[in-house]
Each structure stands twice: as C-alpha cells, then as structure tokens.
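# A look at the structure
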Amino acid sequence: MTKQIKLYYKNATCEVVGDEHGVSMEALSQLRPRISEITSRLAHQRFEGKLPYRDLPYQEENCDKIMDFTSRFAGRYDNLVVLGIGGSALGNIALQTALNNPTYNLQPTRPGPRLFVMDNVDPVQLGGLLVILEGELENTLFNVISKSGQTAETAAQFLIVRAMLKARLPQANLADHIIATTDPQSGTLRQIVEREGLTALEVPPGVGGRFSVLSDVGLFSAAMCGINIVELLEGAADMDQRVKDDELMRNPAALYAAIQWLFYQKGKNLSVMMPYSYQLKDLCDWYRQLWAESLGKAQNLKGEQVNVGPTPIKALGATDQHSQVQLYREGPNDKVITFLEVESFGRDVTIGAAGDVEELAYLSGQTMSKLLNSEKVGTEYALVQSQRPCLTVRFPEISAYTVGQFIYLFEVATSYMGELLGINTYDQPAVELGKQATFALMGREGYQEMLREIQGATRIDDDFLV
Ligand code: PA5
C-alpha cells in the first residue's frame, strides 16, 4: 500500500516564520549525529526486548486470535462496553471515532455491537448508561481493561457491573457477559479472571497503557466494530520501516521530535495538535496522554531534578478557530501547532444554492471538504503571518492503514523526544501519589496514616470560602 501519511515542516522553519520563532536547517543538521545515536539506542533497546510496543505491528498470530474471538462473539451482542481509563480507554475511543462513522451506534445496520467506552467514574455518565443497558444485559458484553488490575476507577466499574449482572441475570454465566484484558500473569484482575473463569485478552508485558492501543487493548473493540485491524497493523509496520531510518531528514518520527525539542529549547513549551477532521479528534486525546504522561518528568536519567515536559493541547478545526485561534495568533508566541489535514474524506456534502443572497454566493455549489481544508490553509496562513510555527501531518485519506501509521509515528516520536529530554519515557511516578491518596480516602486497609495526613492537608478552611 502506498498511501503514506507525510509530515510537512516548512512552516516551522526560520525561512517562513523568522529566526526568532522558527527552527533553522542548521540547527536540525547539527542534531543529525545525536539522532543517529538515538536511533541506534532505540534499536538496541528493542533488540533487548525493552521496547515491546515496537513489535506490536507484527503480531500475526495474536491478530488471528482476536479475529477468532470476534467471530465467536459476532452477532451475540448488541452492546460492547469497555471499562477502563487512561491508556486502557483512549485508544479504543480514538480508533472508533477515526474509523467508524459518528452515527455508528445509531445505525440499524452496523458491522458490530454498539460501542460504549466508560473512561470515568462519573455517576451520571455511568449511571445513565446502566439504566439503558439494564433491559439489554442479555445482549451486552463488558470488556474490563486494566493492566495492573487495581486501578480504582476500573475496579469500581467492574464491581458495579458484576453486581448488576448477578442481580439481573442470576442464572447467567458471568463469563458470557464479562471479559477481561489484563496482564497475562500478575495483578488483581488476573486473579479475578482465574477465579471467575473469565475469557481474558492480554496487555503484553512491558507495554504501558499509553503504548498499548495496537495490542489486544485497542484491537478487540476495533475488530468487534468492523474495523480492519490487519490493515491497521500493516500501517504501523510500514511506518516502522520509515522510523528506523537513522537519517534525521528521512525519519518522520525523529524529525517531529527534533523540531519539537528545538522549539522546547526556545521556550515554546506548548504543543497544540489541531486536526481538521472530526474523525481525528480523539486521536488528539490519545496523543495528549502519550505526550504528557511520557514526557513530563521531574528527574532525568542521571537522577537530576529537571522538571521537563512540553504541554500537549488539543484543538479541533474549524470549531476551535472560533475559540482558540485568537490566542494562538496574538497571545504569547509559545506554541507549536501541528495540524492534521485530510486530502480525501471519502464522502462529501455539497453546499446548497444561495439564491438571491449575494453575500453567500461564493459558497454555493462548493463542497464541505473544500471549505474545511480552506479553513486549515487560511488559519495556517494567518498564523505564519504572525510568526507562529506550524507543522502538518497530511493524511491522503482516513483509513485503518493511515491511522495505523499515525499511531506508530507518534509512539516512536515520543520515544525520540524522551531520549532528547534524557528522561524515562515509559514510567509515570507522579500519577502514583494521587492513586494512593484515593485508596486512603476510600478507606483501603493500610492507608490510615496517609488518610490522616490528607485530611489535615485538604481540610476546607472556611476563611477562604467565598
Ligand atoms: O499509560 C498508562 O500507563 C496509564 O494511563 C494507564 O493506562 C492507566 O493509569 C490505567 O492503568 P491500568 O491499565 O493499570 O488500569
């Protein structure tokens, strides 16, 4: 397949946005040896089995297993509900939005069950869905996704659903309604799987949540909803060939990271991703987690305090032109904008005749795709006029193949960026304290001392309540 996504970077260079706000070709050239070194290091880490996410595009057997599961479940369920949070949910949402129509859940002739991804413990959100599903439990499959199996949000959702199934379908076999996606060996959810005899899919060892979308974590719900996971993985595998190149200027992941890193050094620490496509909007949420959780770190690999990390921001074109672009163009020049642009949308809508309304005649007979892409070019032009650096990832079309490329591109770009920042890209120590504090506040055994500390520190002081 030749439909490659491409990175366009001219509008981020000094030639276009000036020396102060652009990256120079010279600075990029100076990074070449360092990038080449990083490319070798990443290849070595991969060879040693330390970057298992890099090999996910090649899991043919596993793909067959998922297809088997999918055909086993096909036609049996009207609803598939994913219970998970963070890396266990965002990839599922992103694939569904990108590769199925926004009206998928409403279509009478869908290729699979309706998909609901519950990535929060909001009582109104979950409670509302459960009311709807109550009468449809016979035809509902829940996929509990948690690598650790002890994330409070997912554990709570699981317990709610299990209790509901036991109460409403007392004769039913739980394993017909709940499957689990978790670590193949360890963790609380793994123990539950064994005890309750649940079907289990795997979060591969060594693959962190935010790098797991191309594993069972994202593939199962995608396959169930008719997404071509073989093409998705093919796209990722083809991108793998491109991001192995040790020449910076031919390697889009290295180049994206190098440009972001050079801007970060210049004080542009806000990285906006702005797709001009509704289908790509949730891939930006996925990217936001990947970039933020991987790169925001207190210490570097030498153990020095560095507190680094660019802040990823999501915006949607053209919607956010009417919300954010005023700031992006006239506010502080501290952002790099990455547009996502689609050449062919696969469908179009023609704008109706303006009749005698002369002011609107320019729109008559034109297409929505032309309007949307013109808005992208117009916004980029306006930003560049104000010396705001812009990158574009161009999709020839949105398909499983191009989305697979995009996912792999940004995963590897994150690895490069982590190397350039000199940090551990794959851990998330800062999330831990909040998780522990939740355990304490929810009365978990062994957390009494922490609870006292938290209560002291967070007691509401009425003097400050206005
Ligand atoms: O990327 C990550 O590691 C996190 O966002 C996790 O995916 C998230 O915290 C959920 O963890 P778990 O899958 O263990 O429930």
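Because the structure is a prediction, the values reported are computed rather than measured. All residue numbers refer to position in the chain's written sequence, counted from 1. Only residues with pLDDT of at least 70 are given local features in this predicted model, and only at 80 or more are side-chain atom pairs given and counted; all residues enter the totals for whole chains, interfaces and linings. With hydrogens and water set aside, each side-chain value is computed from the structure's full complement of heavy atoms.

Next up on the list: the side chain of Ser386. Comment: elements are numbered from the N terminus, with helices defined as DSSP H or I runs of at least four residues and strands as E runs of at least two. Relative to the helices and strands, Ser386 is located in the loop between α13 (368-385) and β12 (390-397). Residue contacts are defined here by distance: any two heavy atoms, one from each residue, within 4.5 Å place the two residues in contact. Setting aside anything within four residues of it in sequence, one finds Ser386 in contact with Arg329 and Asn333.

Now for the domain arrangement of the protein. Segmenting the protein into domains produces domain 1 (6-45 + 232-421) and domain 2 (53-228). Reported domain spans reflect what an automatic or database domain assignment gives. Once you take the C-alpha centre of each, domain 1 and domain 2 turn out to be 30 Å apart. Taken together, the contact between domain 1 and domain 2 spans 32 residues of the former and 25 residues of the latter. When two parts are put together, the accessible area they lose, computed with a 1.4 Å probe and summed over both, is reported as buried area. Taking both partners together, domain 1 and domain 2 bury about 2,500 Å²; carbon and sulfur atoms supply 63% of that area.

With that settled, consider the site of the ligand. Whether a residue is near a molecule or strand depends on its heavy atoms: it is near if one of them lies within 4 Å of it. Close contacts around the ligand come from 14 residues, with Ser146, Lys147, Ser148, Thr151 and Gln289 the closest. Polar contacts here mean pairs of N or O atoms no more than 3.5 Å apart (in protein, one a potential hydrogen donor and the other a potential acceptor; neighbouring residues in sequence count only if both atoms are side-chain atoms). Between the ligand and Gly87 there is a distance of 3.0 Å, counted from an oxygen atom to a backbone nitrogen or oxygen. In this structure, Thr151 approaches the ligand through a side-chain N or O atom, which is 2.5 Å from an oxygen atom. Protein contacts shield 90% of the accessible area of the ligand, which totals 380 Å² for the unbound molecule. Charged means Asp, Glu, Lys or Arg here, nonpolar means Ala, Val, Leu, Ile, Met, Phe, Trp, Tyr, Cys or Pro, and polar covers whatever is left, Gly included. Residues that form the shell around the ligand fall into these classes: 1 nonpolar, 9 polar and 4 charged. Where accessible areas are quoted, they stem from the Shrake-Rupley method and a 1.4 Å probe; at the residue level, only the protein chains shown are allowed to cover.

It is worth spelling out unusual backbone geometry at this point. A cis amide bond links Gly317 to the next residue, Ala318, at an omega of 0°. Position of Ala318 relative to the elements: it lies in the loop between β10 (311-314) and α12 (325-330). Phi is positive for Asn307, close to 45°, though the residue is something other than glycine. The residue Gln387 is not glycine, and still its phi comes out positive at about 60°. Turning to its location among the elements, Gln387 is positioned in the loop between α13 and β12.

Here we take up the nonpolar core. Within the largest apolar cluster, 94 residues are counted, with the highest numbers of intra-cluster contacts made by Phe220, Trp286, Phe406 and Phe410. Three or more residues apiece are contributed to this core by two domains, here domain 1 (6-45 + 232-421) and domain 2 (53-228). Here Phe406 is in contact with Ile5, Met273, Leu283, Trp286, Leu340, Val393 and Phe395, once residues within four sequence places are set aside. In these notes, a set of buried Ala, Val, Leu, Ile, Met, Phe, Trp, Tyr and Cys residues joined through side-chain atoms within 4.5 Å is what counts as a nonpolar core. For every residue, the accessible area (1.4 Å probe, protein chains only) is compared with the maximum for its type, and the residue is labelled buried under 20%, exposed over 50%, or partly exposed between those bounds. Within the second largest apolar cluster, 24 residues are counted, among which are Phe116, Leu126, Val161 and Val193.

Right, let's get into the sheet that holds β12. Reading across from one edge, β1-β12-β11-β7-β10 is the order of the 5 strands in this open sheet, with mixed pairing throughout. In the strand order of this sheet, the two ends are held by β1 (6-8) and β10, each with one partner. Pairs of neighbouring strands in the sheet enclose a mean axial angle of 20°, with direction left out of account. In this description, strands pair whenever DSSP reports at least two bridges between them. Where strand β11 (residues 335-344) and β12 come together, 7 bridges link them in parallel fashion. Looking at β12, one finds that Ser344 is bridged to Glu397. Its contacts with the sheet put helix α10 (residues 252-265) on β1, β7 (270-275), β11 and β12, and the angle it makes with β11 is roughly 150°. Lines fitted to C-alpha atoms define the axes, with helix axes restricted to the stretch in contact, and inter-axis angles between N-to-C directions lie between 0 and 180 degrees.

Right, let's get into a negative patch on the surface. Together, Glu60, Glu61, Asp64 and Asp68 give the surface a local cluster of negative charge. Position of Glu61 among the secondary structure elements: in helix α3 (residues 60-73). Accessibility expressed as a relative area gives 72% for Glu61, which makes it exposed. Patches here are clusters of residues that have more than 30% relative accessible area and form no salt bridge, with a 9 Å joining cutoff for like charges and a 5 Å cutoff for nonpolar side chains (Val, Leu, Ile, Met, Phe, Trp, Tyr). By salt bridge we mean one thing: a side-chain nitrogen of Lys or Arg within 4 Å of a carboxyl oxygen of Asp or Glu. Charge assignment: positive for Lys and Arg, negative for Asp and Glu; neither His nor the chain ends contribute. Charge placement uses NZ in Lys and CZ in Arg. For Asp and Glu, CG and CD serve respectively.

What follows concerns the sheet that holds strand β4 (residues 140-145). Taken in spatial order, the 5 strands make up an open sheet running β3-β2-β4-β5-β6, and their pairing is parallel. Of all strands in the sheet, those bounded by a partner on one side alone are β3 (114-118) and β6 (199-202). Ignoring strand direction, the axes of neighbouring strands in this sheet form an average angle of 20°. Here strand β2 (residues 79-83) runs beside β3; their pairing, made up of 5 bridges, is parallel. From the neighbouring strand, Leu80 faces β3, where its bridge partner is Leu115.

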